[in-house]
Amino acid sequence: MIKFVTILLALIVPIGNNLFAQDFENKEIKDFLVSTGEMRDGDKCSYYAYELLKLDALNDSDSCGIYRIGVYASHSYTYLLLLDKKTKTFLNCHTDLYQTLKSVYSFFEKSSCCFSDSEKLSYIKELMDIYHRNNIVIPW
């Protein structure tokens, strides 16, 4: 019985640490979310940045891609981060779909990354899904 409990604890503790150790810190993203009103400067709420297609979290070493960013809350908007080398462009994708699409197309053309046509279409599909979700969100 003691062996069973020891093995069970050994399995649970690393999983629990991973679940709670995912606090994300990026000053530029936090400043953007503060500027949109999604969070206040002194808030300790968690926020995220995930690549649109791969769902990988943004790392310091990442230099290119399109990320969805936002605050972990049920009534908050999702925003986009267009990352190319050292250039970061934040997009509000719930007010002007035309401007959002125009910015993403421009990103595809000027980006140092090479995106295939199928990747571009997948990004646009994800962007449209985000736009749709943002339009049905009722912010508090």
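Let me begin by describing the structure that accompanies this report. Computed from a predicted structure; not experimentally measured.

### Overview of the overall build of the protein chain
Logical step 1: When helices and strands are tallied, the protein chain shows four helices and four strands.
Logical step 2: Going residue by residue from the N terminus, the α and β elements of the protein chain occur as α-α-β-β-β-β-α-α.
Logical step 3: Across the 140 residues that make up the protein chain, the buried fraction comes to 35%.
Logical step 4: Carbon and sulfur atoms form 58% of the exposed surface of the protein chain, whose accessible area is close to 9400 Å².

### Examining the side chain of glutamate 51
Logical step 1: Looking at the element boundaries, glutamate 51 is found in strand β1 (residues 47-51).
Logical step 2: Of the side chains with opposite charge, lysine 54 lies nearest to the buried glutamate 51, which makes no salt bridge, at 5.0 Å.
Logical step 3: One polar contact links the side chain of glutamate 51 to the main-chain amide nitrogen of leucine 53, over a distance of 2.7 Å.
Logical step 4: At 2.6 Å, the side chain of glutamate 51 and the backbone nitrogen of lysine 54 are in polar contact.
Logical step 5: In contact with glutamate 51, other than residues within four places in its own chain, are Asp56, Ile66, Tyr67 and Tyr123.

### Comments concerning the environment of glutamate 51
Logical step 1: The exposure class assigned to glutamate 51 is buried, which follows from its relative accessible area of 4%.
Logical step 2: C-alpha separation for the pair glutamate 51 and leucine 82, spaced 31 residues apart in sequence, amounts to 9.9 Å.

Conventions used here
Residues numbered from 1 in each chain as written. Predicted model: local features only at pLDDT ≥ 70, side-chain atom pairs only at ≥ 80, totals over all residues. Heavy atoms only, no water. Helix = DSSP H or I, 4+ residues; strand = E, 2+ residues; numbered from the N terminus. Buried < 20%, exposed > 50% of the residue type's maximum accessible area, 1.4 Å probe, protein only. Areas by Shrake-Rupley, 256 points an atom, 1.4 Å probe, with all protein chains shown as cover. Lys, Arg positive; Asp, Glu negative; His and termini not counted. Salt bridge = Lys/Arg side-chain N within 4 Å of Asp/Glu carboxyl O. Polar contact = N/O pair within 3.5 Å; in protein donor to acceptor, adjacent residues only side chain to side chain. Contact = heavy atoms within 4.5 Å.

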